Amino acid sequence: MTAIIEASHLSKIYESGAVKTQALADVSFSIKKGEFVAIMGPSGSGKSTLMHIIGALDKPTSGSYSVDGVTVGHLSEDNLAQLRNKKIGFVFQAFNLLPRTSALKNVMLPMTYAGIPKEERVARATKFLQMVGLGDRLDHTASQLSGGQMQRVAIARALVMDPAIILADEPTGNISTVQAEEIMKIFEELHKKGHTIIMITHEPDIAAYAERIITLKDGRIISDKPDGHKLWK
Amino acid sequence: MEITELLSSAVEALSLNKMRTFLAALGIVIGIGAVIALISLGEASQLSVQSSIQALGSNLLTIVPGSQSQNGVRGGLGSSTSLTYEDAKAIQASPQITTVAYVSPEFSRRAQVSTAGTNTNTQIIGVTPAYQDVHNVTLSSGRFISADDVNSINKVAVIGPTAAANLFGDGNDPIGQNVRINKIAFRIIGVTVSKGGSGFNNQDDVVMVPLTSAQKLLFGVDYLSSIALQAKNQNDMTAAENEVGYFLLSRHHLTDPSQADFTIISQADILGAVSSVTGTFTALLSGIAAISLLVGGIGIMNIMLVTVIERTREIGLRKALGATNSLIITQFLIEAIILTFGGGALGMILGTSLSFAVTRIINLPFTVSLSSILIAFGVSAAIGIVFGWYPARKAAQLSPIEALRYE
Ligand SMILES: Nc1ncnc2c1ncn2[C@@H]1O[C@H](COP(=O)(O)OP(=O)(O)OP(=O)(O)O)[C@@H](O)[C@H]1O
Ligand SMILES: [Mg+2]
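Right, let's walk through the structure included here. (Residues numbered from 1 in each chain as written. Chains lettered and ligands numbered in written order. Predicted model: local features only at pLDDT ≥ 70, side-chain atom pairs only at ≥ 80, totals over all residues. Heavy atoms only, no water.)

## Brief notes about the coordination of the magnesium ion (ligand 2)
At the metal site, the magnesium ion (ligand 2) is ligated by S48 of chain A (OG) and Q93 of chain A (OE1), and these contacts range over 1.9 to 2.3 Å. Separated by 45 residues along the polypeptide, S48 of chain A in helix α1 (residues 47–54) and Q93 of chain A in the loop between β6 (88–91) and α3 (103–113) bring together distant segments of the chain. (Donors = N, O, S within 2.8 Å, 3.2 Å for Na, K, Ca; no water. Helix = DSSP H or I, 4+ residues; strand = E, 2+ residues; numbered from the N terminus.)

## Section: the sheet that holds strand β5 (residues 70–71) of chain A
All names here are of chain A. The strand order across the open sheet formed by four strands is β2-β1-β4-β5, and the pairing between neighbours is antiparallel. Of all the strands in the sheet, just β2 (19–32) and β5 have a single pairing partner and so form its edges. With five bridges connecting them, strand β1 (residues 3–16) and strand β4 (residues 62–67) associate as antiparallel partners. If you follow E6 over to β4, its bridge partner there is S66. Each of β1, β2 and β4 is contacted by α1, which is oriented at about 60° to β2, the strand it contacts most. (Pairing = 2+ DSSP bridges. Contact = heavy atoms within 4.5 Å. Axes fitted to C-alpha atoms, helices over the stretch in contact; angles between N-to-C directions.)

## Let's talk about the interface of chain A and chain B
How large an interface is tends to be reported as the accessible area lost when its parts come together. The interface is formed by 22 residues belonging to chain A together with 23 residues belonging to chain B. In this assembly, chain A packs against chain B so that about 2100 Å² is buried in total across both faces, 58% of it on carbon and sulfur atoms. Looking at the side of chain A facing chain B, the largest losses of area belong to R84, R100 and Y113 of chain A, adding up to 30% of the total buried there. Between the two partners, chain A and chain B, sit three salt bridges. (Buried area = accessible area lost by both parts, 1.4 Å probe. Salt bridge = Lys/Arg side-chain N within 4 Å of Asp/Glu carboxyl O.)

## Points about a nonpolar patch on the surface
Residues and elements named next belong to chain B. On the surface, M19, F22, L23, L26 and I30 cluster together to form a nonpolar patch covering roughly 460 Å² of accessible area. Position of F22 relative to the elements: it lies in helix α2 (residues 18–54). F22 sits in the partly exposed class, given a relative accessible area of 47%. (Patch = residues over 30% accessible without salt bridge, like charges linked within 9 Å, V, L, I, M, F, W, Y side chains within 5 Å. Areas by Shrake-Rupley, 256 points an atom, 1.4 Å probe, with all protein chains shown as cover. Buried < 20%, exposed > 50% of the residue type's maximum accessible area, 1.4 Å probe, protein only.)

## Section: the site of ligand 1
Taken together, 15 residues lie near ligand 1, and S43, G44, K47, S48 and T49 of chain A sit nearest. The residues that come close to ligand 1 belong to more than one chain, namely chains A and B. Between an oxygen atom of ligand 1 and a side-chain N or O atom of S43 of chain A, the distance comes to 2.5 Å. Within the contact set of ligand 1, a nitrogen atom lies 2.9 Å away from a side-chain nitrogen or oxygen of R405 of chain B. Within the complex, 70% of the 640 Å² of free accessible area of ligand 1 lies under protein. Those elements giving two or more residues to the shell around ligand 1 turn out to be β2 and α1 of chain A. With three residues, the single largest contributor to the shell around ligand 1 is α1 of chain A. Classifying every residue of the shell around ligand 1 by side-chain character gives three nonpolar, nine polar and three charged. (Near = heavy atom within 4 Å. Polar contact = N/O pair within 3.5 Å; in protein donor to acceptor, adjacent residues only side chain to side chain. Nonpolar A, V, L, I, M, F, W, Y, C, P; charged D, E, K, R; others polar.)

## Re the sheet that holds strand β7 (residues 165–169) of chain A
Strand pairs in the sheet, formed through backbone hydrogen bonds, run parallel or antiparallel to each other. Residue and element names in this part refer to chain A. The strand order across the open sheet formed by six strands is β6-β7-β8-β3-β9-β10, and the pairing between neighbours is mixed. In this open sheet, the two edge strands, each paired with only one partner strand, are β6 and β10 (220–226). Each strand axis lies, on average, 15° off the axis of its neighbour in the sheet, ignoring direction. Sheet contacts for α1: β3 (36–40), β6, β7, β8 (196–200) and β9 (212–217); angle to β8, the most-contacted strand, approximately 155°. Against the sheet, helix α6 (residues 177–192) engages β3, β7 and β8, with an angle of about 150° to β8.

Laid out in structure tokens, this is it:
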């Protein structure tokens, strides 16, 4: 299988005034097309930072990174926008919904930038919100939703463009076990259909859905192995 | 994204942030409204003053007794007794004076005027027939004072429409009726057409009587309060001033103009003096307008900058979901344009209706100053657009994550 994601020697150093924080230190890995990967590690170990770089939302301080053989560091701003819009579906740890805007409109937003006609946008957004169990909350604004509901809107928004790569930063962090299982079922479905999924989680139960687990500590990969649970299945 | 999409999403963004939209638009409305109202009112009052001075008569020179002294000590303007009816007759008769068309000797003073039922205090003007020509008086009914009235010291009066209404009530024909001026009965022979003057020089609230009757019967004087002259045409004004000036000097046995016991005022002098006053007034209004514009502008700026954090996050999110920088900047620009143009239109309506209402109430001609609209609109549009666009451009240059974390 070909690698869809290639990261080599990624480092990220945050500088705020005199304080330097090394969030990532020389991280290299490759992820094959269709893989389902979990990223684990203690809080502050650099998981979100890595995910943002993979999602082309932030730039590494050094190192290079490519998607589908294209080096992301060489892309123009407009090509980056297109990459984020078409290839990558991102579920933020902090949801990041537009406030005062309905769930439906939030989910429609990426399709607006893709130039999809309005009727189709409404139909698809409705379908995906129904899929995450929010069919009766279409017109609720972000502030009228619970944490778990906001998370599910964020997931619907990440999936609505049918992206090849799904990046989810703790997609089950705010929801009940039952709902988490439903979300993981959706992810498994997508995995079966050939989508590449990378998911950050603290919970071993959730990580168990993945076929490969990368563990970070202090900005370095300390282990990268197939999920034992899956091996014995 | 198509333009209609961009427009509708801009409108949506504006309606989602009602408070921000309202406050920013308010700054624009007030800035533009105040400038238009104030400057239009200033111009309207200037116009009104000019037209009421022009209504006094054209090519007009006025001779008043007293000198225009350098140190301001010698007798106040118009208070001395140096001008006489004989002076006026001499000017009229002199073969040396070729540029003057009409000579109107006048004596005016306020007096008590009464009818059977009413009593009012009005300007009484003693006139000769020339008054009608010099001051463009037209009659709505009856006739004007004739030479015969002046010669025979007749007890007749021509009355202005305001005075007529005060004395006889609206709609009653005063012709042939009597009024008592200083207890002497005068018969009304004519009513003038309204000149529409207001305030400082109401030419409708007057009673005109033969000059001789005013001097001998009413006030017991033998001097004039002024002689009004009409030059034959506009270009003769200076020549007329000189001819009459030197003629009167020699008639009064004076040798040089610094000793003159009279002063000649041209209409241009009055217009100039009054214009400089109203000009100051307009400048003052413009100053207030500029301050309103500044305050409005700061209001717009504040509200735009206060929402920068929220908007920067919004931009980060939009970028993360695939919006290009140019799209984001266009969207924000459209928002700012809708806001400033919408607010601007409201401000124009507000300013124009305000100045319309005020001009109606205080009876001024209604004008709207185009330059004030352009300046006010330009300034607030520039502020609105720059402060809507600049933070958006800055935010769009950040990476999506930097923008999402902005604070
Ligand atoms: N914008 C920033 N400026 C400075 N330091 C930052 C910034 N973002 C992250 N960091 C630091 O980088 C390190 C890694 O942060 P990151 O968010 O990647 O952790 P994480 O593994 O996702 O943690 P968690 O599980 O709590 O979400 C932390 O020490 C954090 O303090
Ligand atoms: Mg994190």
